[in-house]
Amino acid sequence: MDEKMLDDILLARFIESFYGYGNYNSKFWFVGMEEGGGNSESEIQKRLNVWKTRGYAELEDVKEYHLELGIDRFFNDKPVLEKTWDKIILIILGIEGGSPSIENRKKYQKNVLGTKTGESCLIELLPLPSPGIGKWVYHSISRLPYLENRETYRDFVKKSRIQNIRRRISEYTPRCVVFYGATYKLHWITITNGMTFHPHDMLDFEMAENDDTLFLMIKHPVAAGVTNDYFYDIGRCIKERIT
């Protein structure tokens, strides 16, 4: 029996067009490497189908999209905190002076984070969901030649993705852009047109700024040994710089 394959026409369009969640008009943008998930052909195809049904959006509403996928554990009456989103929320609460309590973070995740009309934009450098850098399923469920392995995929998409993220930043001039994950540091610098980042005096992150936007490069939200205080304190540092 032949292994089931993805709809490659739809997959190619998703790779070219989908960037993440939220609102380009928001003040606070967060840029990571890639979204989690993508554990099976059926899950990936469902993501593609929902995206198509909802209109091929460049940015989706994170809550609406996941609920249509049948993923409600982050948005129900007793939401589970998603690990990466939770640290982003801590940064936003630090900026806004909100309490970093678990209750506040769950409420923010359920109702505010990554919505079409909200104050945050969650972007991924690489468009395809993946359960981790050590696992690659697309070579066996797609005939697109550039999905043969992670390296060919990354090399195929990164130039256009970097250019488009840079273009969107220039167009919308967010007040703050936070890049997370040290592995892609050179890509973050390229997105900023080669700006020089300087280490913060107290916390372990780097910062650059132009007339419109404050840029930060911070540790990944799920990096080992990084505390909640690290992200909340980054938010408070951002608040000092932009107010």
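Reading the values: rules and limits
- Residues numbered from 1 in each chain as written.
- Predicted model: local features only at pLDDT ≥ 70, side-chain atom pairs only at ≥ 80, totals over all residues.
- Heavy atoms only, no water.
- Buried < 20%, exposed > 50% of the residue type's maximum accessible area, 1.4 Å probe, protein only.
- Helix = DSSP H or I, 4+ residues; strand = E, 2+ residues; numbered from the N terminus.
- Pairing = 2+ DSSP bridges.
- Core = buried A, V, L, I, M, F, W, Y, C linked by side-chain atoms within 4.5 Å.
- Contact = heavy atoms within 4.5 Å.
- Phe/Tyr/Trp six-rings, centres within 6.5 Å; stacked < 30°, edge-to-face > 60°.

Engineer: If you had to explain the pairing of strand S4 (residues 120-124) to someone new, which residues and values would you point to?
Structural biologist: Along S4, five of the five residues are buried, which leaves the element largely enclosed by surrounding structure. Across the two faces of S4 the burial is the same, with Ser120, Leu122 and Glu124 and Cys121 and Ile123 all buried. Here strand S2 (residues 28-32) pairs with S4 via five bridges, running parallel. Bridge pairing in S4 places Phe30 opposite Leu122.

Engineer: Run through the nonpolar core, naming residues and quoting values.
Structural biologist: Among the nonpolar cores identified, the biggest contains 80 residues, and Leu147, Leu216, Ile218 and Ile238 are the most heavily contacted of them. With eight residues, the top contributor of residues to this core is helix H4 (residues 83-96). Leu147 has contacts with Leu11, Ile15, Leu128, Trp136, Tyr138, His139, Ser142, Thr152 and Tyr153, leaving out every residue within four places of it along the chain.

Engineer: A description of the side chain of Arg47 should follow, citing residues and the corresponding values.
Structural biologist: Relative to the assigned elements, Arg47 resides in helix H2 (residues 41-53). Setting aside anything within four residues of it in sequence, one finds Arg47 in contact with Tyr21, Glu35, Gly36, Gly37, Gly38, Tyr65, Leu69 and Pro129.

Engineer: Could you give an account of the packing of aromatic side chains, naming the residues involved and the relevant values?
Structural biologist: Two descriptors summarise a pair of aromatic rings, namely the distance from one centre to the other and the angle between the planes of the rings. Under the definition given, this model contains 20 aromatic pairs. With 6.0 Å between their ring centres and 40 degrees between their planes, Phe75 and Trp85 make a pair best called tilted. Here Phe75, found in the loop between helix H3 (62-69) and H4, pairs with Trp85, found in helix H4; they are ten residues apart in sequence, far enough to count as distant. With respect to burial, Phe75 and Trp85 carry one shared label: buried. Considering the side-chain rings of Phe179 and Phe215, the 6.2 Å spacing of their centres and the 5 degrees angle between planes classify their relative orientation as stacked. Note that Phe179 is positioned in strand S5 (residues 176-180) and Phe215 in strand S8 (residues 214-218), a separation of 36 residues in sequence.

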